[in-house]
Amino acid sequence: MKKILTTPISFDDIKDLRVGDVVYLSGYLTTGRDDVHRRVVHEGLKCPYDFKDMAIMHAGPIVKEGEKNIMVSIGPTSSIRMEADEAEFIEKTGVKVIVGKGGMGNLTSEGCKKFGAIHCVFPGGCAVLASSHVEGIENVYWRELGMPEALWVMKVNEFGPLIVSIDTQGNNMFVENKKFYAEQKIKCEQPIIDLVSNYMEVEEQK
Amino acid sequence: MNNEEAKKILSSTMEKFIGLAATHLPDDVLAKLEECRAKETNEMQKTLYDAYFTNLELAKKLNRPCCQDTGLMHFYMTVGAKFPYIGVIEEALSDAVRKATFSVPLRQNTVNYFDERNTGDNVGERIPWFHWEIEPDRDDLEVIAYFAGGGCCLPGNAKVFKPSDGYASIVKAVFDTVSDLGINACPPLIVGVGLGTNMENAAVLSKKAYLRPLGTHHRHPKAAALEDALKDGLNKMGIGAQGMRGNIAAMEVHIESSGRHTADIAVGVNVACYAHRRGVIRFNSDLSYEIPTYKDAEEYMKNSKSTEEN
Ligand code: SF4
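Residues numbered from 1 in each chain as written. Chains lettered and ligands numbered in written order. Predicted model: local features only at pLDDT ≥ 70, side-chain atom pairs only at ≥ 80, totals over all residues. Heavy atoms only, no water.

**Student:** Got a minute to help me understand helix α4 (residues 89–103) of chain B in this structure?
**Tutor:** Residues separated by three or four positions in an α-helix point in the same direction, a consequence of the helix having 3.6 residues per turn. Residues and elements named next belong to chain B. Taking 1.5 Å per residue, 15 residues should reach 21 Å; α4 reaches 20 Å between its end C-alpha atoms and fits that length. Of all the positions in α4, only I89, A92, L93, S94, A96, V97, A100 and T101 are classed as buried. Contacts from the buried residues of α4 go to α1 (3–23), β1 (72–80), β2 (129–135) and β3 (141–148). (Helix = DSSP H or I, 4+ residues; strand = E, 2+ residues; numbered from the N terminus. Expected span 1.5 Å × (residues − 1). Buried < 20%, exposed > 50% of the residue type's maximum accessible area, 1.4 Å probe, protein only. Contact = heavy atoms within 4.5 Å.)

The following block contains the structure:
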């Protein structure tokens, strides 16, 4: 059965989720990336959108602006760029679910453990799928930061799949995988190195 | 037909073709992705492949670029020396990119160095990128269009080794590239390996390698054996779609080579992501054309209108 998280999200909703679990999000999902983190964490500005018990997406969307703003395309951007600031962002805002692309590092997993949040990955290169789960744009804040950097408040319906990459215990899928792949590499390349060990020898003329 | 007319036709056909290639994956890539999907066993991987395929279907249905990163346009061209409109090709293709940026639309990704300002229409200094090859006795033009996305260009590298490093240097370069940044380039990947005399020809060959139809092999049996061994080896690492632990890291590994200096082994490794937007179009000398890479190309081209036609 589909596991659906609906905003507002409580700690109880996410405490039993573990890395690798697949969830979907209904309710509100609000974009925020480099500049939003900088303003909140480094410049000490109060975030005009209250992220408490809500969800943030690292993304720079394409919005067709008019009387009604329309989401044309939304795909996650690499979360790792927010690594330096994310733990403090969670602490300051109380955000519960972070959606992005690729993993985040140990600073964020410690933040998730301490303040009770999770990081999830939306599959890369699936922008049309993502926008098909956006029902509308309800609001925009800090528009002066430019379209990709502004806070776009989206109403979403079963937005996903979202794969948990950091859970509330601080388990971190991508950090673990990195170690795993480094070990695997040595094992998997050796037989091929053996295969080509005589490739420098002169081929016999046919 | 004079050059002006030819330019208009080329540009208008290419604008529609860019739309086709941004919204669809080639038939061989789709078939390969299906094969990869069938080899994944864990639930998370199945979910990822479901997302890939649903996204591709929606892209087709809604006529939208399947990935938000439509990259920068690269054109790899083989032109017959007797093709009558050689002089207008670059202008026509740049015009097509400019128009497609708004009509498809493509994401505005192009920034010139030092200006550091977005050009707004995906035409910039030496962009679109043109790579020419000339065939002496032919009178046609083949264009391979490729959308070079940011994430899949990031892992690429080329390096020159000493002969004492041997062919092992090639194997290590491939594994290093895939296991480091390659896992973030939306696997399953197509890995292009170029072997040359120096850094830049190895790099160019690595690109030509991943542009080859999937599953074709290098003409030399030892190279072909290495292509298969590298693919199998990468697929034992447990990488899977999106680098999130599964069975298939690479759809294919392709090698292209040139002669080398006795004193060097030059290796280029270039990866292409699962959204391998590589479209082929062939123009005859009268500018009639065929598109071999998509089975529904004819229908798409018939129903689509270029800016000029609108
Ligand atoms: S790596 Fe490819 S599929 Fe993934 S986001 Fe970049 S262009 Fe899209």
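**Student:** Hey, could you run me through the site of the ligand in this one?
**Tutor:** Lining the immediate surroundings of the ligand are K101(A), G125(A), C67(B), D69(B), C152(B), A185(B), C186(B), C273(B), Y274(B), A275(B) and R277(B). Among the chains of the assembly, those with residues near the ligand are chains A and B. Looking at side-chain class alone, the shell around the ligand contains 7 nonpolar, 1 polar and 3 charged residues. Per-domain counts for the shell around the ligand show at least three residues from each of domain 1 (3–149 + 276–303) and domain 2 (151–272) of chain B. (Near = heavy atom within 4 Å. Nonpolar A, V, L, I, M, F, W, Y, C, P; charged D, E, K, R; others polar. Domains from an automatic or database assignment.)

**Student:** Explain the packing of helix α2 (residues 27–39) of chain B against helix α3 (residues 43–62) of chain B to me, please; I cannot follow it from the model alone.
**Tutor:** All names here are of chain B. Between α2 and α3, whose axes approach to 10 Å, the crossing angle comes to 155°. It follows from the interaxial angle that α2 and α3 lie roughly antiparallel. Viewed along their axes, α2 and α3 form a crossing whose handedness is left-handed. Along its contact with α2, which presents L30, L33, E34, C36 and R37, the element α3 presents Y49, D50, F53 and L56. (Axes fitted to C-alpha atoms, helices over the stretch in contact; angles between N-to-C directions. Parallel < 35°, antiparallel > 145°, perpendicular 65-115°, else oblique. Left-handed = near helix turned anticlockwise from the far one by under 90°.)

**Student:** Explain the layout of surface pockets to me, please; I cannot follow it from the model alone.
**Tutor:** Regions of empty space are outlined by a rolling probe, equal in size to a water molecule, passed over the atoms. Considering only enclosed or pocket space, the second largest pocket measures out at about 580 Å³ in volume. In terms of lining, the second largest pocket is formed by 21 residues, of which the most central are Y199(A), Y167(B), L195(B), S257(B) and R260(B). At the level of elements, β5 (189–196), α8 (221–234), β6 (250–257) and β7 (265–272) of chain B are the ones that each hand at least two residues to the lining of the second largest pocket. With 3 residues, the top contributor of residues to the lining of the second largest pocket is α8(B). (1 Å grid on protein atoms, 1.4 Å probe; cavity = no way out; pocket = protein on both sides within 12 Å on 5 of 7 lines; lining within 4 Å. Points joined across faces, edges and corners; volume = space filled by probe spheres on them.)

**Student:** How should I be thinking about the packing of aromatic side chains in this particular structure?
**Tutor:** Here a ring pair, both rings aromatic, is described through the centre-centre distance and the interplanar angle of the planes. Within the structure shown, the criterion is met by 13 aromatic pairs over all chains. Centroid distance Y49(A) to F51(A): 4.9 Å. Interplanar angle 80°. Geometry classified as edge-to-face. You'll find Y49(A) and F51(A) in the same group, each marked buried. For the ring pair Y146(B) and Y210(B), a centre distance of 5.1 Å and an interplane angle of 45° mean the geometry is tilted. One end of the pair, Y146(B), is in strand β3; the other, Y210(B), is in helix α7 (residues 199–211), and 64 residues separate them in sequence. Judged by relative accessible area, which is 1%, Y146(B) ranks as buried. Clustering of aromatic rings is evident, with ring pairs tying together Y49(A), F51(A), F89(A) and Y141(A). The ring of Y28(A) has K155(A) lying over it, and the distance from NZ or CZ to the ring centre is 5.6 Å. The lysine or arginine in question, K222(B), covers the ring of Y199(A), its NZ or CZ lying 5.2 Å from the ring centre. (Phe/Tyr/Trp six-rings, centres within 6.5 Å; stacked < 30°, edge-to-face > 60°. Lys NZ or Arg CZ within 6 Å of the ring centre and 35° of its normal.)

**Student:** I'm lost on the pairing of strand β8 (residues 278–283) of chain B in this one. Help?
**Tutor:** Put simply, side chains in a regular strand alternate between the two faces of the sheet. Residue and element names in this part refer to chain B. The buried fraction of β8 is high, at 5 of 6 residues. Inspection of the sheet shows β8 paired to strand β9 (residues 289–290) by 2 bridges, in the antiparallel sense. Bridge pairing links F283 to Y289 in β9. Where β8 folds back onto β9 in an antiparallel hairpin, the turn is made up of 5 residues, including L287, whose phi is positive at roughly 70°. (Pairing = 2+ DSSP bridges.)

**Student:** Would you mind going over the environment of I90(A) with me for this structure?
**Tutor:** Residue and element names in this part refer to chain A. Inspection of the secondary structure puts I90 in helix α3 (residues 83–93). Since its relative accessible area comes to 2%, I90 is described here as buried. Each C-alpha atom, one on I90 and one on A117, is 7.5 Å from the other, the two residues being 27 residues apart in sequence. Once you skip the residues sitting within four places of it in the chain, I90 turns out to touch V95, I98, G111, C112, F115 and A117.

**Student:** Help me out: how do you make sense of the domain arrangement of chain A in this one?
**Tutor:** Under the domain assignment used here, chain A contains domain 1 (3–171) and domain 2 (178–206). Computed over C-alpha atoms only, the centres of domain 1 of chain A and domain 2 of chain A are separated by 42 Å.

**Student:** Looking at this structure, I do not really get the sheet that holds β9(B). What am I missing?
**Tutor:** The strands making up a sheet associate through backbone hydrogen bonding, with each pair oriented either parallel or antiparallel. Residue and element names in this part refer to chain B. Here 5 strands make up an open sheet; going across it, the order is β2-β1-β3-β8-β9 and the pairing mixed. One side of each edge strand has no neighbouring strand; the edge strands of this open sheet are β2 and β9. Examined bridge by bridge, β3 and β8 share 6 bridges and lie antiparallel to one another. Bridging across to β8, Y146 finds its partner in R278.

**Student:** Help me understand the pattern of salt bridges in this model?
**Tutor:** It is possible for side chains bearing opposite charge to pair when their charged atoms get close. The full count for this structure, using the stated rule, is 38 salt bridges over all chains. Where E65(A) meets R143(A), a salt bridge forms, and the shortest distance between an N and an O atom there is 2.8 Å. Pair noted here: E65(A) is in the loop between β4 (62–64) and β5 (70–73) and R143(A) is in the loop between β8 (134–141) and β9 (151–166), with a separation of 78 residues, a long-range link. Given a relative accessible area of 30%, R143(A) falls into the partly exposed group. Of the charged contacts in the structure, one is a salt bridge between K99(B) and D95(B), with a shortest N-O distance of 2.9 Å. With K99(B) and D95(B) both in helix α4 and 4 residues apart, the pair spans about one turn of that helix. In this structure K99(B) comes out as partly exposed when scored by relative accessible area, which is 24%. Where salt bridges share partners, they join R33(A), D34(A), R81(A) and E149(A) into one cluster. (Salt bridge = Lys/Arg side-chain N within 4 Å of Asp/Glu carboxyl O.)

**Student:** Sorry if this is basic, but what is going on with the interface of chain B and chain A here?
**Tutor:** You'll often see interface size given as the accessible area lost when the parts meet. Chain B puts 47 residues into the contact, and the matching count from chain A is 39 residues. Taking both partners together, chain B and chain A bury about 3600 Å²; carbon and sulfur atoms supply 68% of that area. In this structure, K222(B) engages E203(A) in a salt bridge whose closest nitrogen and oxygen atoms are separated by 3.8 Å. The interface formed by chain B and chain A includes 16 residue pairs in polar contact (both at pLDDT 80 or more). Mapped by element, the contributors of at least two residues to the side of chain B that touches chain A are α3, α6 (168–179) and α8 of chain B. When its residues are assigned to classes, the side of chain B that touches chain A shows 26 nonpolar, 12 polar and 9 charged. (Buried area = accessible area lost by both parts, 1.4 Å probe. Polar contact = N/O pair within 3.5 Å; in protein donor to acceptor, adjacent residues only side chain to side chain.)

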